[in-house]
Amino acid sequence: MNLILHIMAKDLRRLTWALALWAGAGVLAVVGMNVSGPPQSTLESLGLVAMFQFFGLSIALIAAIVQEDCLTESTAFWRTRPISGGRLLTAKLGLIGVLFVVIPVALGLLVRLAKRGAMFARPEDLGQPLLALVALVLVGMALASCCKDLGRYFLLWIVCWMSVGFGTVGFQWVKVTLGYTVSRVSKMRMEGIAMYAGLIAIAVLLNQYRGRRFGVSVGLIVAGVVGAAAINTFWTWPMR
């Protein structure tokens with residue numbers, strides 16, 4: 001346990017200034033988007049810009065934390081650090097989970113409570129965004145664990161994102177060619193994609209940290225892209 005906490009503290013120390021910038025962008029986004037004032041005010045515009053900065057920094061910092069103990073270089077953790085893959089993964093999941101899931105969700109709930117007097121009206125109001133957020137964080141960790149640096153990480157994000165889009169178009173073409181009618185797609189498809197992507201990401205992380213078979217991770221990522229495109233095209237249950 002002490003070694004896990006040591007790894008978490010080490011990552012916090014090395015990324016102190018980047019995390020401070022991330023926190024500042026988050027505070028500015030909350031203030032700018034929620035303080036009442038005339039439309040298109042300076043504060044509102046700054047808040048909108050800060051929101052995009054906060055999201056971009058979150059994606060980058062997830063990779064930075066994972067790549068602090070790189071899994072693909074010759075200095076990979078099992079060669080240079082006296083820690084098992086499982087413990088290192090636990091440290092990364094713990095720190096990233098607190099920073100990029102627990103803190104944003106808690107902050108969002110507090111803002112809703114202050115504005116509306118209630119954190120959420122229905123369970124779906126919290127469950128759906130939380131599922132999407134957890135899936136994005138896990139996918140970011142999985143992709144970062146397969147890359148040597150931030151450049152390759154962002155390139156892989158773009159490739160996967162575009163591949164899902166082109167795959168969806170391809171599946172739609174096949175669907176129409178085979179004579180299937182283009183039915184109304186269920187609103188639950190995004191939840192289906194999030195759950196599937198999260199499971200694939202967990203499998204990639206377990207393989208990278210414990211199995212150490214890079215080819216398997218590549219295959220899992222390809223399966224994730226194809227599966228996400230298929231769900232986006234064919235998922236029609238339940239209709240609501």
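Please read these numbers as outputs of a predicted model, since none were measured by experiment. (Residues numbered from 1 in each chain as written. Predicted model: local features only at pLDDT ≥ 70, side-chain atom pairs only at ≥ 80, totals over all residues. Heavy atoms only, no water.)

Novice: How should the overall build of the chain be read in this particular structure?
Specialist: If you tally the helices and strands in the chain, you get nine helices and zero strands. Counting from the amino terminus, the chain carries its helices and strands in the arrangement α-α-α-α-α-α-α-α-α. In the chain, which comprises 240 residues, the share counted as buried stands at 35%. In the chain, the share of contacts with a sequence separation of at least 24, taken over all contacts with a separation of at least 6, comes to 75%. Of the roughly 13600 Å² of accessible surface on the chain, 72% is carried by carbon and sulfur atoms. (Helix = DSSP H or I, 4+ residues; strand = E, 2+ residues; numbered from the N terminus. Buried < 20%, exposed > 50% of the residue type's maximum accessible area, 1.4 Å probe, protein only. Contact = heavy atoms within 4.5 Å. Areas by Shrake-Rupley, 256 points an atom, 1.4 Å probe, with all protein chains shown as cover.)

Novice: Explain the packing of helix 8 (residues 189-211) against helix 9 (residues 214-234) to me, please; I cannot follow it from the model alone.
Specialist: Any two packed helices are characterised by the angle at which their axes cross and by the distance between the axes. As a packed pair, helix 8 and helix 9 sit with axes 9 Å apart at the nearest point and diverge in direction by 180°. With respect to each other, helix 8 and helix 9 are oriented roughly antiparallel. Residues R189, G192, I193, Y196, I200, A203, V204, N207 and Q208 of helix 8 pack against F214, V216, S217, L220, I221, A223, G224, G227, A228, I231 and N232 of helix 9. (Axes fitted to C-alpha atoms, helices over the stretch in contact; angles between N-to-C directions. Parallel < 35°, antiparallel > 145°, perpendicular 65-115°, else oblique.)

Novice: Please clarify how the environment of I221 should be interpreted in this entry.
Specialist: Mapped onto the secondary structure, I221 falls in helix 9. Ignoring sequence-local partners within four residues, the contact set of I221 consists of L143, C146, L156, C160 and V204.

Novice: Help me understand the nonpolar core in this model?
Specialist: Membership of the largest hydrophobic core comes to 42 residues, with the highest contact counts inside it found for I96, F100 and Y153. At the level of secondary structure, the elements contributing two or more residues to this core comprise helix 1 (2-14), helix 2 (16-34), helix 3 (42-67), helix 5 (85-116), helix 6 (123-145), helix 7 (150-177), helix 8 and helix 9. In terms of residue count, helix 5 provides more of this core than any other element does, eight residues in total. Not counting the four nearest positions on each side in its chain, Y153 is found in contact with I59, A63, Q67, G140, L143, A144 and C147. (Core = buried A, V, L, I, M, F, W, Y, C linked by side-chain atoms within 4.5 Å.)

Novice: So what exactly am I meant to see when it comes to the layout of surface pockets here?
Specialist: One simple way to see leftover space: roll a probe sized like a water molecule over the atoms. Roughly 710 Å³ of volume is contained in the second largest pocket. Put simply, the parts of the chain that give the lining of the second largest pocket at least two residues each are helix 6, helix 7, helix 8 and helix 9. Broken down by element, the lining of the second largest pocket gets its largest block of residues, nine residues, from helix 8. (1 Å grid on protein atoms, 1.4 Å probe; cavity = no way out; pocket = protein on both sides within 12 Å on 5 of 7 lines; lining within 4 Å. Points joined across faces, edges and corners; volume = space filled by probe spheres on them.)

Novice: Would you take a moment to explain the packing of helix 7 against helix 9 for this structure?
Specialist: For the pair helix 7 and helix 9, interaxial distance at closest approach is 8 Å and the crossing angle is 45°. The pairing of helix 7 with helix 9 is recorded here as oblique in orientation. Crossing geometry of helix 7 relative to helix 9 is assigned as right-handed. Two secondary-structure elements touch here, helix 7 through L156, C160, S163, V164, G167, T168, F171, Q172 and K175 and helix 9 through I221, V225, V226, A228, A229, A230, N232, T233 and F234. Each residue belonging to the contact of helix 7 with helix 9 can be placed in one class, and the counts come to 11 nonpolar, six polar and one charged. (Left-handed = near helix turned anticlockwise from the far one by under 90°. Nonpolar A, V, L, I, M, F, W, Y, C, P; charged D, E, K, R; others polar.)

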